[in-house]
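The chain contents come next:
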Amino acid sequence: QVQFVESGGGLVQPGGSLRLSCVVSGVSTSIYLMSWYRQVPGSEREFVAGVTDIGVTRYADFTKGRFLIFRDDAKKSVSLQVHSLEPEDTAVYYCEATIKSTDGGSYKDYWGQGTQVTVSS
């Protein structure tokens with residue numbers, strides 16, 4: 001059973017920084033893609049950043065160089081470092097992992113439970 005442990009959320013002042021971390025367990029195959037998404041009430045969940053198993057990264061335009069994603073395959077973890085936080089970054093941040101099936105024929109997306117980030121003075 002795939003499980004997630006997300007951490008690092010909380011209340012941060014505008015202009016501050018934080019690091020979100022996510023550790024995935026229960027994976028018997030491999031994780032192709034690890035990503036972060038975010039969602040505010042009343043809006044759809046949106047992509048923030050992702051990193052593949054060979055280190056290729058992709059970021060949403062709104063990250064503007066303030067976000068950095070990195071993964072540690074030995075720990076099956078992915079982190080998101082965020083600088084210069086803005087009130088508009090307030091959201092629940094979700095960790096996502098695209099995992100290879102045991103028969104090797106497909107991939108499936110799994111989601112963490114989310115961690116709240118609030119940017120406010």
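Values in this document were obtained by computation on a predicted structure and should not be read as measured data. (Residues numbered from 1 in each chain as written. Predicted model: local features only at pLDDT ≥ 70, side-chain atom pairs only at ≥ 80, totals over all residues. Heavy atoms only, no water.)

Caption draft 1: Structural detail: the state of the cysteines. For the coordinates displayed, the defined rule picks out 1 disulfide. What pairs with cysteine 22 in a disulfide is cysteine 95, and their sulfur atoms sit 2.2 Å apart. Judged by the sign of its S-S torsion, about -80 degrees, the bond between cysteine 22 and cysteine 95 is left-handed. Placement of cysteine 22 in strand β3 (residues 18-25) and of cysteine 95 in strand β9 (residues 91-100) is noted, with a sequence separation of 73 residues between them. On the basis of relative accessibility, which here comes to 0%, the residue cysteine 22 falls in the buried class. A relative accessible area of 0% places cysteine 95 in the buried class. (Disulfide = S-S within 2.5 Å. Helix = DSSP H or I, 4+ residues; strand = E, 2+ residues; numbered from the N terminus. Buried < 20%, exposed > 50% of the residue type's maximum accessible area, 1.4 Å probe, protein only.)

Caption draft 2: Here's a closer look at the nonpolar core. In this structure, Val24, Trp36, Val78, Leu80 and Tyr93 are the most contacted members of the largest nonpolar core, which totals 26 residues. Looking at this core, the elements that each hand over two or more residues are β3, β4 (31-39), β5 (46-52), β7 (67-72), β8 (77-82), β9 and β11 (115-119). A per-element tally of this core places β9 first, with 5 residues. Apart from the residues lying within four places of it in its own chain, the contact partners of valine 78 are Leu20, Ser21, Cys22, Met34, Trp36, Val51, Ile69, Phe70, Arg71 and Cys95. (Core = buried A, V, L, I, M, F, W, Y, C linked by side-chain atoms within 4.5 Å. Contact = heavy atoms within 4.5 Å.)

Caption draft 3: Just the pairing of β8, in detail. Along β8, 6 of the 6 residues are buried, which leaves the element largely enclosed by surrounding structure. Taken together, the 6 bridges between β3 and β8 define a ladder with antiparallel strand orientation. In the sheet register, leucine 20 faces β8, and the bridge partner there is leucine 80. Of the pairings in the sheet, the one linking β7 to β8 comprises 6 bridges and is antiparallel in character. Paired with aspartate 72 across the bridge in β8 is serine 77. Count of turn residues in the β7/β8 antiparallel hairpin: 4 residues, of which lysine 76 carries a positive phi of about 50 degrees. (Pairing = 2+ DSSP bridges.)

Caption draft 4: Representation of the packing of aromatic side chains. Throughout the structure, instances matching the rule amount to 4 aromatic pairs. Seen in terms of ring centroids, tyrosine 37 and tryptophan 111 are 4.9 Å apart; in terms of plane orientation they differ by 70 degrees. Their pairing is edge-to-face. Within this pair, whereas tyrosine 37 is found in strand β4, its partner tryptophan 111 is found in strand β10 (residues 107-111), the two being separated by 74 residues in sequence. Tryptophan 111 gets classed as partly exposed once you look at its relative accessible area, which sits at 36%. Here a set of aromatic residues connected by ring pairs shows up, and it is made of Tyr37, Phe47 and Trp111. If you follow arginine 45 out to its NZ or CZ, it ends over the ring of tyrosine 94, 3.6 Å from the centre. A cation over an aromatic ring shows up here: arginine 45 above the ring of tryptophan 111, its NZ or CZ 4.7 Å from the ring centre. (Phe/Tyr/Trp six-rings, centres within 6.5 Å; stacked < 30°, edge-to-face > 60°. Lys NZ or Arg CZ within 6 Å of the ring centre and 35° of its normal.)

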